[in-house]
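# Reading the structure
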Amino acid sequence: MKAGAHVAEANGLNGGGSGAADPPITAEAHGEARLAAAALRRLHQFGDDVQVRCSPALRARQTAAAMGWPGAITDARLAEADLGEWEGIGAGVLAGDIAASWWSDASFAPPGGGEPLGAVVRRVAPLLDACGEGATTVLVCHQGTILAILMALLGYGLPAARAIALPPGVAVVLRRWADGGSCLDAVVPPTGILRS
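Description of the structure in this document. Since we're looking at a predicted model, the values are computed, not measured. (Residues numbered from 1 in each chain as written. Predicted model: local features only at pLDDT ≥ 70, side-chain atom pairs only at ≥ 80, totals over all residues. Heavy atoms only, no water.)

### Focus: the state of the cysteines
What counts here: We call a pair of cysteine sulfur atoms a disulfide when they lie within 2.5 Å. When accessible area is computed with a 1.4 Å probe and restricted to protein chains, residues below 20% of their type maximum are described as buried, those above 50% as exposed, and intermediate ones as partly exposed.
In the structure shown here, the tally under the stated rule is 0 disulfides. Lacking any disulfide linkage, cysteine 54 is separated from the closest cysteine sulfur, that of cysteine 141, by 9.5 Å. Of the residues examined, cysteine 54 reaches a relative accessible area of 1% and is grouped as buried. Residue classification places cysteine 141 among the buried positions, given a relative accessible area of 1%.

### A look at the sheet that holds strand β1 (residues 51-54)
Cut-off, in case you're wondering: A pair of strands is considered paired only if DSSP assigns at least 2 bridges between the two. The numbering of helices and of strands both runs from the N terminus, where a helix is a DSSP run of H or I of at least 4 residues and a strand a run of E of at least 2. Residues count as neighbours in contact if any of their non-hydrogen atoms are within 4.5 Å of one another. Only the stretch in contact is used when fitting a helix axis, every axis being a line fitted to C-alpha atoms; angles between N-to-C directions are given from 0 to 180 degrees.
The strand order across the open sheet built from 3 strands is β2-β1-β3, with neighbouring strands paired in parallel fashion. Looking at the sheet topology across the chains shown, the edges are occupied by β2 (73-74) and β3 (137-140). Strands in contact with helix α2 (residues 58-66) are β1, β2 and β3; relative to β1, the strand with the most contacts, it is inclined by about 155°.

### Here we look at the environment of cysteine 54
Counting through the fold element by element, cysteine 54 comes out in strand β1. Once the C-alpha coordinates of cysteine 54 and leucine 139 are considered, the two residues, 85 residues apart in sequence, prove to be 5.5 Å apart. Ignoring sequence-local partners within four residues, the contact set of cysteine 54 consists of Ala60, Arg61, Ala64, Ala72, Ile73, Thr74, Asp75, Leu78 and Val140.

### Regarding the pattern of salt bridges
To keep things clear, this is the line we draw: One speaks of a salt bridge when a side-chain nitrogen belonging to Lys or Arg is within 4 Å of a carboxyl oxygen belonging to Asp or Glu.
Under the criterion given, the structure shown has 3 salt bridges. Between arginine 53 and aspartate 75 there is a salt bridge, with its nearest N and O atoms 3.0 Å apart. Taken together, the residues span a long stretch of sequence, with arginine 53 in strand β1 and aspartate 75 in the loop between β2 and α3 (96-104) at a distance of 22 residues. Assessed through its relative accessible area of 17%, arginine 53 is described here as buried. In this structure aspartate 75 comes out as buried when scored by relative accessible area, which is 6%. In this structure, aspartate 75 and arginine 77 form a salt bridge, with 2.8 Å as the shortest nitrogen-oxygen distance.

### Focus on the packing of aromatic side chains
Note the threshold: Geometry of aromatic contacts follows a simple scheme: Phe, Tyr and Trp rings, the Trp one being its six-membered ring, pair when their centres are within 6.5 Å, and the pair is stacked under 30 degrees between planes, edge-to-face over 60, tilted otherwise.
As enumerated under the stated definition, the model contains 1 aromatic pair in all. Considering the side-chain rings of tryptophan 86 and phenylalanine 108, the 6.0 Å spacing of their centres and the 35° angle between planes classify their relative orientation as tilted. You can see tryptophan 86 sitting in the loop between β2 and α3 and its partner phenylalanine 108 sitting in the loop between α3 and α4 (117-130), a full 22 residues away along the chain. Exposure remark for tryptophan 86: the relative accessible area of 7% places this residue in the buried category.

It is worth stressing that arrangement in space is one thing and function is another; only the former is reported here.
Okay, here's the thing in structure tokens:
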């Protein structure tokens with residue numbers, strides 16, 4: 001689940017580096033998180049025994065709490081990528097060869113100590129391996145982290161993953177099989193359900 005919209009959403013890129021802002025989610029995002037949680041419970045018929053992990057970012061912890069899981073386990077592996085010098089700038093400002101590298105090369109690190117998306121894939125992979133087949137785990141995290149999860153579990157290449165725009169509060173439901181395979185099961189927008 002992507003963390004809910006935060007109060008600085010329109011101010012530019014917001015990563016997980018040491019210089020990243022850590023804004024709270026909006027009042028509207030609290031309501032959307034409750035709706036998404038209800039939709040997930042109906043869709044997958046799971047109860048309160050689900051394991052919930054979230055990024056250390058305030059917006060992820062608040063989203064998990066608004067979903068009814070205030071005791072979610074904080075897991076640093078779910079943090080957004082460190083965007084280095086790009087922290088806080090508008091995505092539309094990125095242009096030229098450097099921006100092209102960001103969109104096409106998973107090993108490219110944003111200037112100023114940023115984290116490549118490939119490093120995020122390697123960071124989340126052990127966590128995904130620990131979420132066994134048949135277990136219900138909700139991960140509350142961020143755009144870059146969800147893209148890394150799609151790359152790790154479904155084998156999406158970077159161009160395909162980067163083409164996915166996820167609105168705040170969306171839940172991406174993946175299913176793991178006993179043979180190690182995975183599939184995209186459903187996408188739950190903040191206000192309803194779309195089945196894949």
